[in-house]
Every structure is written in C-alpha cells, then in structure tokens.
Amino acid sequence: MAWIAAILASRPARKALGLALAAATIALFLMNLRRAGERAGRLAERLQTSENTHAIQRQMLDATSRRPADRDALVERLRDGRF
C-alpha cells in the first residue's frame with residue numbers, strides 16, 4: 001500500500017493527475033453545454049408551437065366575431081353574396 005502512496009507522491013504522477021482532472025473538468029463542461037443547448041432547443045420549439053397555437057386561436061376568434069348574429073343576418077349575407 002505504501003508503494004501506491006509513493007507513486008502518487010511522485011512529481012510525474014501529480015502532473016498526470018492534474019492533467020486528468022483538467023481533462024475531466026473540460027469534458028464535464030462540454031457535456032453541460034450540450035445539455036443546456038438541447039434544453040434551449042426544446043424551449044424554443046415549445047415557444048414556436050405556442051405562438052402557432054395562439055395565431056390559430058386569434059384567427060378563430062376573428063372568424064367568430066365576423067359571423068352572422070342570427071339566421072336572418074345569415075340569409076341577408078347570402079343574398080348579398082357576402083359569405
């Protein structure tokens with residue numbers, strides 16, 4: 001067991017361990033960036049979907065506001081040729 005401590009206490013082992021920790025830190029940082037990018041992409045897609053839904057709802061409300069009030073108004077619109 002002492003030989004493991006002796007090897008890890010040597011200068012090349014400490015340098016290699018420092019480089020390995022730096023590489024692991026960079027790899028974790030890059031994976032976190034990737035995950036954050038995926039999350040941002042999903043949020044952007046969700047925003048686009050909700051904007052499309054709202055646009056469709058606005059069109060439906062606009063069409064509802066232009067509909068005839070009753071059957072007589074509908075008949076008048078059909079007679080005038082305004083559909």
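Quantities reported herein were computed from a predicted structural model and do not represent experimental measurements.

Draft legend 1. Structural view of the environment of Ser 50. Looking at where Ser 50 falls in the secondary structure, it is placed in helix α2 (residues 11-65). Along the primary structure Ser 50 and Leu 17 are separated by 33 residues, whereas in three dimensions their C-alpha atoms are 49 Å apart. A distance of 2.9 Å separates a polar side-chain atom of Ser 50 from the backbone oxygen of Leu 47.

Draft legend 2. Layout of a nonpolar patch on the surface. There is a patch of nonpolar side chains on the surface, built from Trp 3, Ile 4, Ile 7 and Leu 8 and spanning about 430 Å² of accessible area. Relative to the assigned elements, Leu 8 resides in helix α1 (residues 2-9).

Draft legend 3. Quick look at the pattern of salt bridges. Inspection of every chain in the model, using the stated rule, returns 3 salt bridges. Glu 38 is the partner of Arg 34 in a salt bridge, and the nearest nitrogen-oxygen pair spans 3.4 Å. Here Glu 38 and Arg 34 lie together in helix α2, a separation of 4 residues that amounts to about one turn. Taking the relative accessible area as the measure of exposure, Arg 34 reaches 59% and is therefore exposed. On the basis of relative accessible area, Glu 38 is assigned to the partly exposed category, the value being 37%. A salt bridge links Asp 62 to Arg 66, with the shortest nitrogen-to-oxygen separation between them at 3.4 Å. Looking at Asp 62, the relative accessible area reads 40%, which means it is partly exposed.

Conventions used here
Residues numbered from 1 in each chain as written. Predicted model: local features only at pLDDT ≥ 70, side-chain atom pairs only at ≥ 80, totals over all residues. Heavy atoms only, no water. Helix = DSSP H or I, 4+ residues; strand = E, 2+ residues; numbered from the N terminus. Polar contact = N/O pair within 3.5 Å; in protein donor to acceptor, adjacent residues only side chain to side chain. Patch = residues over 30% accessible without salt bridge, like charges linked within 9 Å, V, L, I, M, F, W, Y side chains within 5 Å. Areas by Shrake-Rupley, 256 points an atom, 1.4 Å probe, with all protein chains shown as cover. Salt bridge = Lys/Arg side-chain N within 4 Å of Asp/Glu carboxyl O. Buried < 20%, exposed > 50% of the residue type's maximum accessible area, 1.4 Å probe, protein only.

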